[in-house]
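Chain by chain, the residues run as shown.
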Amino acid sequence: MTTTTVNRRAVGKVRPADTRRHHRTLLLQHLVDQGPTTRADLARETGLTRVTVSDLVAEMLAESLVDDIGARPGTHLGKPATLVAISESAPVIVAVDLSDDSGFDGAVVDLHGRVLLREQAPFSRGADAVDDVSRLVARLVERAPRRVLGIGVGTPGIIDDEAGVVLQAPNLAWDDVPLAATLGERHGLPVCVGNDANIAAVAEGAFGDGDDAGLLMVTIGQGVGGGILVDGHPVAGPLRSAGEIGHIVVDPDGAACACGNRGCLETLLSAPALRAAGSDAARSHVGDLLGSVLTPIVTTLGIADVVLHGPTDLLDGPVLEAARAAVARQSLPFVAQRIRIRLVAHDELVLTGAAALVRHRELGVV
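Presented here is an overview of the structure given in this document. The model shown is predicted, which means the values in this text are computed figures rather than measured ones.

Quick look at the overall build of the chain
Of regular secondary structure, the chain possesses 13 helices and 16 strands. For 366 residues, the compact-globule formula gives about 21 Å, and the C-alpha radius of gyration of the chain, at 23 Å, lands near that figure. The principal-axis extent of the C-alpha atoms belonging to the chain is close to 75 × 65 × 55 Å. Among the 366 residues that make up the chain, the fraction classed as buried is 49%. Look at the contacts in the chain between residues 6 or more apart in sequence, and 61% of them connect residues 24 or more apart. Charge centroids of the chain, computed over 32 positive and 45 negative side chains, lie 7 Å from each other.

Here you go:
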């Protein structure tokens with residue numbers, strides 16, 4: 001007789017602190033999603049007891065996470081219930097976007113995803129880039145109007161987001177860079193690091209017009225990256241390289257790429273390459289190649305929403321039209337009739353996505 005051994009993951013006890021954090025997250029998530037709410041409504045909507053809600057709200061008031069903002073408008077009979085809302089003096093987040101070819105972009109972002117102020121640093125590579133990002137963060141922390149909850153960074157490349165390590169980012173000349181640990185040590189704050197395209201996809205699905213059931217975000221800047229969102233969750237894969245469409249070879253005899261190969265899509269579709277291409281015919285050819293790369297991805301995954309995030313002056317027109325035509329030509333009619341390929345001009349998408357990483361890690365709010 002054959003004996004099968006089943007390995008079961010050890011399950012520890014649920015600690016009271018974990019339960020309390022979960023309950024706080026429920027309340028904060030509701031306030032972020034629904035806006036100002038009374039304590040009684042919070043209890044009813046979350047299933048928590050009124051005593052628990054009152055206790056947690058008092059705790060969050062003391063931490064300036066929430067505020068009492070007065071009675072609900074139009075309330076007249078009896079003692080009016082007080083509305084609770086995310087505080088205007090709640091902590092803020094420092095967010096950095098490293099995807100643009102014109103420089104590093106930084107911002108201070110509030111818990112609603114609103115950008116309060118911005119700073120820029122020149123584009124650089126290697127160890128210089130780490131130092132420049134750190135100096136950019138320092139300026140933003142100094143200018144922040146309130147306590148900083150943490151630092152979020154959206155960067156091109158293959159990222160171990162749990163450890164905050166940039167495993168490989170050819171355009172930044174980074175290999176195995178412990179970015180989260182380095183920034184955390186220098187600034188004394190929690191740091192989250194994510195792939196720029198992945199967090200842009202999450203931000204578009206959560207805050208924009210994206211279909212979070214199935215979305216492919218293509219970021220175009222100094223390089224070209226891709227982020228995949230399926231059923232509301234980013235897809236990274238075991239190699240953490242899902243979506244790295246910029247390094248698919250489309251012309252084996254083409255120009256050398258920063259990754260070491262020749263003729264990668266990035267050598268033609270990056271913002272510098274599109275500027276150099278010049279003519280509409282050249283850009284149309286690039287759009288056709290992009291469509292050929294997109295087709296097997298959207299067909300295999302059943303994705304109906306493809307978003308190009310980059311300079312609209314370079315992507316609108318020949319590139320976009322040729323990409324749409326190529327996908328329509330190479331896909332099943334069923335797919336071609338339902339897929340949309342569009343541009344998003346929101347230049348704060350990676351910044352708000354980086355801030356959302358911190359908000360989720362520190363407060364549990366998505």
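Description of the pattern of salt bridges
With the rule as written, the count across this model stands at 20 salt bridges. The partner of glutamate 88 in a salt bridge is arginine 114, and the shortest N-O contact between them spans 3.5 Å. In this pair, glutamate 88 sits in the loop between strand 3 (82–86) and strand 4 (92–97) while arginine 114 sits in the loop between strand 5 (104–109) and strand 6 (115–121), placing the two residues 26 residues apart along the sequence. Close ionic contact of aspartate 110 with arginine 114 constitutes a salt bridge, the shortest N to O distance being 2.6 Å. Owing to a relative accessible area of 5%, aspartate 110 belongs among the buried residues under this scheme. Here arginine 114 falls in the partly exposed class, since its relative accessible area comes to 40%. Among the charged side chains, a network of salt bridges with common partners joins Arg20, Arg24, Asp55, Glu59 and Glu63.

Let's talk about the nonpolar core
Within the largest apolar cluster, 39 residues are counted, with the highest numbers of intra-cluster contacts made by Leu27, Leu28, Val53, Val66, Leu111, Met217 and Leu363. Per-element tally for this core: the top contributor is helix 13 (residues 349–363), with seven residues. Here leucine 111 is in contact with Leu65, Ile86, Ala90, Pro91, Ile93, Leu149, Arg359 and Leu363, once residues within four sequence places are set aside. Ranked by size, the runner-up nonpolar core spans 30 residues in total, among them Leu136, Val153, Ile159 and Val166.

Digging into the packing of aromatic side chains
Inspection of the entire model under this criterion finds one aromatic pair. Geometry around phenylalanine 334 places arginine 338 over its ring, the cationic atom sitting 3.7 Å from the centre.

Some details on helix 2 (residues 39–46)
Those residues of helix 2 that fall on the buried side of the exposure criterion are Asp41, Leu42, Ala43 and Thr46. Tucked inside the fold, the buried residues of helix 2 contact helix 1 (16–34), strand 1 (37–38) and helix 3 (50–62).

Describing the layout of surface pockets
By volume, the largest pocket amounts to about 920 Å³. Looking at the largest pocket, it is lined by 37 residues, and the ones nearest its centre are Val202, Gly232, Pro234, Leu357 and His360. Those elements giving two or more residues to the lining of the largest pocket turn out to be helix 1, strand 11 (191–195), helix 6 (196–207), strand 14 (233–235) and helix 13. Of the residues contributing to the lining of the largest pocket, the split by class is 17 nonpolar, 11 polar and nine charged. A volume near 340 Å³ is recorded for the second largest pocket. What lines the second largest pocket is a set of 21 residues, and nearest its centre among them are Asp100, His309, Gly310, Pro311 and Asp347. Looking at the lining of the second largest pocket, the elements with two or more residues in it are strand 6, strand 12 (214–220) and helix 8 (271–277). Of the residues contributing to the lining of the second largest pocket, the split by class is six nonpolar, eight polar and seven charged.

Considering the side chain of arginine 24
By secondary structure assignment, the location of arginine 24 is in helix 1. Excluding residues within four positions of it along the chain, arginine 24 makes contact with Leu56, Glu59, Met60, Glu63 and Leu65.

As for the sheet that holds strand 15 (residues 305–309)
Strand order in the open sheet formed by five strands is 14-13-12-15-16, with mixed pairing between adjacent strands. Of all the strands in the sheet, the pair left with one neighbour each is strand 14 and strand 16 (340–344). Pairwise comparison of adjacent strand axes, ignoring direction, gives a mean angle of 25 degrees for this sheet. Where strand 15 and strand 16 come together, five bridges link them in parallel fashion. Paired with valine 307 across the two strands is arginine 342, which belongs to strand 16. Relative to strand 12, helix 9 (residues 280–301) is tilted by about 155 degrees, and along the sheet it contacts strand 12, strand 13 (224–230) and strand 15.

Each value, and the rule that gives it
Residues numbered from 1 in each chain as written. Predicted model: local features only at pLDDT ≥ 70, side-chain atom pairs only at ≥ 80, totals over all residues. Heavy atoms only, no water. Helix = DSSP H or I, 4+ residues; strand = E, 2+ residues; numbered from the N terminus. Rg over C-alpha atoms; globule rule 2.2 N^0.38 Å. Buried < 20%, exposed > 50% of the residue type's maximum accessible area, 1.4 Å probe, protein only. Contact = heavy atoms within 4.5 Å. Lys, Arg positive; Asp, Glu negative; His and termini not counted. Charge placed at Lys NZ, Arg CZ, Asp CG, Glu CD. Salt bridge = Lys/Arg side-chain N within 4 Å of Asp/Glu carboxyl O. Core = buried A, V, L, I, M, F, W, Y, C linked by side-chain atoms within 4.5 Å. Phe/Tyr/Trp six-rings, centres within 6.5 Å; stacked < 30°, edge-to-face > 60°. Lys NZ or Arg CZ within 6 Å of the ring centre and 35° of its normal. 1 Å grid on protein atoms, 1.4 Å probe; cavity = no way out; pocket = protein on both sides within 12 Å on 5 of 7 lines; lining within 4 Å. Points joined across faces, edges and corners; volume = space filled by probe spheres on them. Nonpolar A, V, L, I, M, F, W, Y, C, P; charged D, E, K, R; others polar. Pairing = 2+ DSSP bridges. Axes fitted to C-alpha atoms, helices over the stretch in contact; angles between N-to-C directions.

The analysis is restricted to geometry; functional conclusions fall outside its scope.
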